[in-house]
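# Analysis of the macromolecular model
Residues per chain are reported as follows:
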Amino acid sequence: MDRQRRGGGFTLLDLHYAAQLAARLLAEELKRVGVKPEWAGLLTEIRTIEPVRPTLLAQRTGLAPATLYDYLERLLAEGLVRKLPNPEDGRSFLLETTPAGVERVQSVSAAVRQAHERFAGLLELPLADVERAVTDVRFALEGALNPATTH
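Residues numbered from 1 in each chain as written. Predicted model: local features only at pLDDT ≥ 70, side-chain atom pairs only at ≥ 80, totals over all residues. Heavy atoms only, no water.

Secondary structure assignment for the protein yields 6 helices and 2 strands. C-alpha atoms of the protein, sized along the principal axes, occupy 55 × 40 × 25 Å. Counting all 151 residues of the protein, 23% fall into the buried class. Counting only contacts in the protein whose residues sit at least 6 apart along the sequence, the fraction spanning at least 24 positions is 53%. Counting every atom, the protein has about 10,300 Å² of accessible surface; 57% of that belongs to carbon and sulfur. Of the charged side chains in the protein, 19 are positive and 20 negative, and the gap between their average positions amounts to 3 Å. (Helix = DSSP H or I, 4+ residues; strand = E, 2+ residues; numbered from the N terminus. Buried < 20%, exposed > 50% of the residue type's maximum accessible area, 1.4 Å probe, protein only. Contact = heavy atoms within 4.5 Å. Areas by Shrake-Rupley, 256 points an atom, 1.4 Å probe, with all protein chains shown as cover. Lys, Arg positive; Asp, Glu negative; His and termini not counted. Charge placed at Lys NZ, Arg CZ, Asp CG, Glu CD.)

Next up, the structure:
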């Protein structure tokens, strides 16, 4: 199907719709393996950069602090992450995944790979180019929202 490309400054709207569609596709695959979609990305992000401060997680994920702390409390209650003392700041803490959390991340990875396979073959551009562009866009958006904390 030939689709009209808007251009002309609608990139953020296209990203918004792409994010909604990506979330639906991921949710289908995550539910298939028994993982809650709302926590999957956060748990994977913790595993990727652990031990991590909640403030860095908020910056990297774009989650509102109240939402982030609600999700963290649920991950803690399910035994998927644990709190560690922050040696640099006694008032804060660090997070890392537990062995159960690592297992859940592996389930998430399998679901993400399956979702990836469902759309990657439909791309008009080489996958490596799309991956680079998406990563650049993510970091640019993170920088636009957190200019004092990005390099």
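So, about the pattern of salt bridges. Think of it this way: side chains of opposite charge can pair up when their charged atoms draw near. Considering all chains together, one arrives at 12 salt bridges under this definition. The closest approach of N and O atoms between arginine 104 and glutamate 78, which form a salt bridge, is 3.8 Å. Highlighted residues: arginine 104 in helix 5 (residues 99-120) and glutamate 78 in the loop between helix 4 (65-77) and strand 1 (81-85), separated in sequence by 26 residues. In the salt-bridge network here, residues are joined through shared partners; they are Glu28, Glu29, Arg32 and Arg118. (Salt bridge = Lys/Arg side-chain N within 4 Å of Asp/Glu carboxyl O.)

We now examine helix 4. Taking 1.5 Å of rise per residue, 13 residues should cover 18 Å, and helix 4 covers 18 Å from first to last C-alpha, within 8% of that figure. The complete set of buried residues in helix 4 reads Leu68, Tyr71, Leu72 and Leu75. One side of helix 4 carries all its buried residues, which in axial view fall inside an arc of 105°. Turned more than 90 degrees away from the buried face of helix 4, the exposed residues are Ala66 and Ala77. (Expected span 1.5 Å × (residues − 1). Arc of directions from axis to C-beta.)

Time to look at the confidence of the model for the protein. Note that predicted coordinates carrying low pLDDT should not be read in detail. Within the protein, residue pLDDT values average 88, and 93% of them lie at 70 or more. Taking the mean pLDDT of every element in the protein, the minimum, 89, falls on helix 3 (residues 54-61) and the maximum, 96, on strand 1. (pLDDT = per-residue confidence, 0-100.)

The next point concerns the packing of aromatic side chains. In total, this model carries 0 aromatic pairs according to the counting rule given. A cation over an aromatic ring shows up here: lysine 83 above the ring of phenylalanine 93, its NZ or CZ 4.5 Å from the ring centre. (Phe/Tyr/Trp six-rings, centres within 6.5 Å; stacked < 30°, edge-to-face > 60°. Lys NZ or Arg CZ within 6 Å of the ring centre and 35° of its normal.)

The contact between helix 2 (residues 37-49) and helix 3 brings their axes to 11 Å, and the two run at 120°. Taken as axis vectors, helix 2 and helix 3 run oblique relative to one another. Seen from above, helix 2 lies across helix 3 with right-handed handedness. On the side of helix 2, the interface is formed by Leu42, Glu45, Ile46 and Ile49, while helix 3 contributes Leu56, Leu57, Arg60 and Thr61. Across the contact of helix 2 with helix 3, the residue classes tally to 5 nonpolar, 1 polar and 2 charged. (Axes fitted to C-alpha atoms, helices over the stretch in contact; angles between N-to-C directions. Parallel < 35°, antiparallel > 145°, perpendicular 65-115°, else oblique. Left-handed = near helix turned anticlockwise from the far one by under 90°. Nonpolar A, V, L, I, M, F, W, Y, C, P; charged D, E, K, R; others polar.)

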